[in-house]
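Notes for the structure review
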Amino acid sequence: MRRYFADKTGLRLLRLGVILLTAVLMLLSVRLFATVPSFLQPLLLLFLILGICFAGILLPLYFRNAAYFVSPSCIVKQSGVFFLRKQTMRLDAVQYTTAVIGPFSKSSGLNLLILNALGGRMFLFFLSRRDMDEILRLLREQSIQEERSDV
């Protein structure tokens, strides 16, 4: 059984995005509510706390718990922040896959693999390009083996 984990460079990019978004929201708040200091200070504090919690606690917890296991018969996705959630999909149930490749995919880790089956989907988030290509290769090999066994 092969194990794959969420790419940590995706975590760094998302953290940077959250920090930039927090800074922009704080600057806009200062510009819009400069005349109301009793409202401005709690709003700035709220944005700061939300940005720190999201970038410093929630995102690292998600990335630490995100793991994908591929065996010859099934794929298991484990994810979650406070509660772990496991999803299992048999490889012979996969009808087609969709690979969403982000900008600068080899260095960013912002890749997504969608496995579509009868009645369901499984999303594999933040895979490195190498891991995504390897999972797709394993799925192709599995489908070729199934076709040969059917004949």
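Residues numbered from 1 in each chain as written. Predicted model: local features only at pLDDT ≥ 70, side-chain atom pairs only at ≥ 80, totals over all residues. Heavy atoms only, no water.

A few points about the sheet that holds strand 5 (residues 94–101)
- In space, the three strands of this open sheet follow the order 5-6-7, with antiparallel pairing throughout. On the outer flanks of this sheet lie strand 5 and strand 7 (120–127), each paired with one strand and no other. On average, adjacent strands in this sheet sit at an angle of 15 degrees to one another, irrespective of strand direction.
- Sheet topology places strand 6 (residues 111–117) next to strand 7; seven bridges connect them, and they run antiparallel. Bridge pairing links leucine 113 to leucine 124 in strand 7. (Pairing = 2+ DSSP bridges. Helix = DSSP H or I, 4+ residues; strand = E, 2+ residues; numbered from the N terminus. Axes fitted to C-alpha atoms, helices over the stretch in contact; angles between N-to-C directions.)

Re the confidence of the model for the chain
- Counting all residues, the mean pLDDT for the chain is 91, and 99% of those residues have values of 70 or more.
- The spread of mean pLDDT over the elements of the chain runs between helix 3 (residues 105–108), the lowest at 80, and strand 2 (residues 67–70), the highest at 96. (pLDDT = per-residue confidence, 0-100.)

With respect to the nonpolar core
- Within the largest apolar cluster, 26 residues are counted, with the highest numbers of intra-cluster contacts made by Phe63, Ile75, Leu113, Leu115, Leu124, Leu127 and Ile135.
- When contributions to this core are tallied by element, the ones reaching two or more residues are helix 1 (8–32), helix 2 (37–65), strand 2, strand 6, strand 7 and helix 4 (129–150). (Core = buried A, V, L, I, M, F, W, Y, C linked by side-chain atoms within 4.5 Å. Buried < 20%, exposed > 50% of the residue type's maximum accessible area, 1.4 Å probe, protein only.)

A word on the packing of aromatic side chains
- What the rule picks out here adds up to six aromatic pairs.
- When the ring of phenylalanine 63 is compared with that of phenylalanine 126, the centres are 4.8 Å apart and the planes differ by 35 degrees; the resulting orientation is tilted. Of this pair, phenylalanine 63 sits in helix 2 while phenylalanine 126 sits in strand 7, and the two are 63 residues apart along the sequence. Both residues of the pair, phenylalanine 63 and phenylalanine 126, count as buried.
- Considering the side-chain rings of phenylalanine 123 and phenylalanine 125, the 5.9 Å spacing of their centres and the 10 degrees angle between planes classify their relative orientation as stacked. (Phe/Tyr/Trp six-rings, centres within 6.5 Å; stacked < 30°, edge-to-face > 60°.)

Brief notes about the sheet that holds strand 4 (residues 85–90)
- Sheet architecture is open: four strands sit in the order 1-2-3-4, paired in antiparallel fashion. In this open sheet, the two edge strands, each paired with only one partner strand, are strand 1 (2–5) and strand 4. Going across the sheet, the axis of each strand differs from the next one's by a mean of 15 degrees, ignoring polarity.
- For strand 2 and strand 3 (residues 74–79), the ladder comprises four bridges, and the chain directions are antiparallel. Bridging from a neighbouring strand, valine 70 pairs with isoleucine 75 of strand 3.

Points about the pattern of salt bridges
- Here the structure, examined in full by the defined rule, presents five salt bridges.
- A salt bridge links aspartate 92 to arginine 90, with the nearest nitrogen and oxygen atoms 2.5 Å apart.
- The class for arginine 90 is exposed, based on a relative accessible area of 53%.
- Residue arginine 137 pairs with glutamate 141 through a salt bridge whose shortest N-O separation is 2.8 Å. Of this pair, arginine 137 and glutamate 141 both sit in helix 4, four residues apart, which is roughly one turn of the helix.
- A relative accessible area of 37% means that arginine 137 is categorised as partly exposed.
- Of the residues examined, glutamate 141 reaches a relative accessible area of 35% and is grouped as partly exposed. (Salt bridge = Lys/Arg side-chain N within 4 Å of Asp/Glu carboxyl O.)

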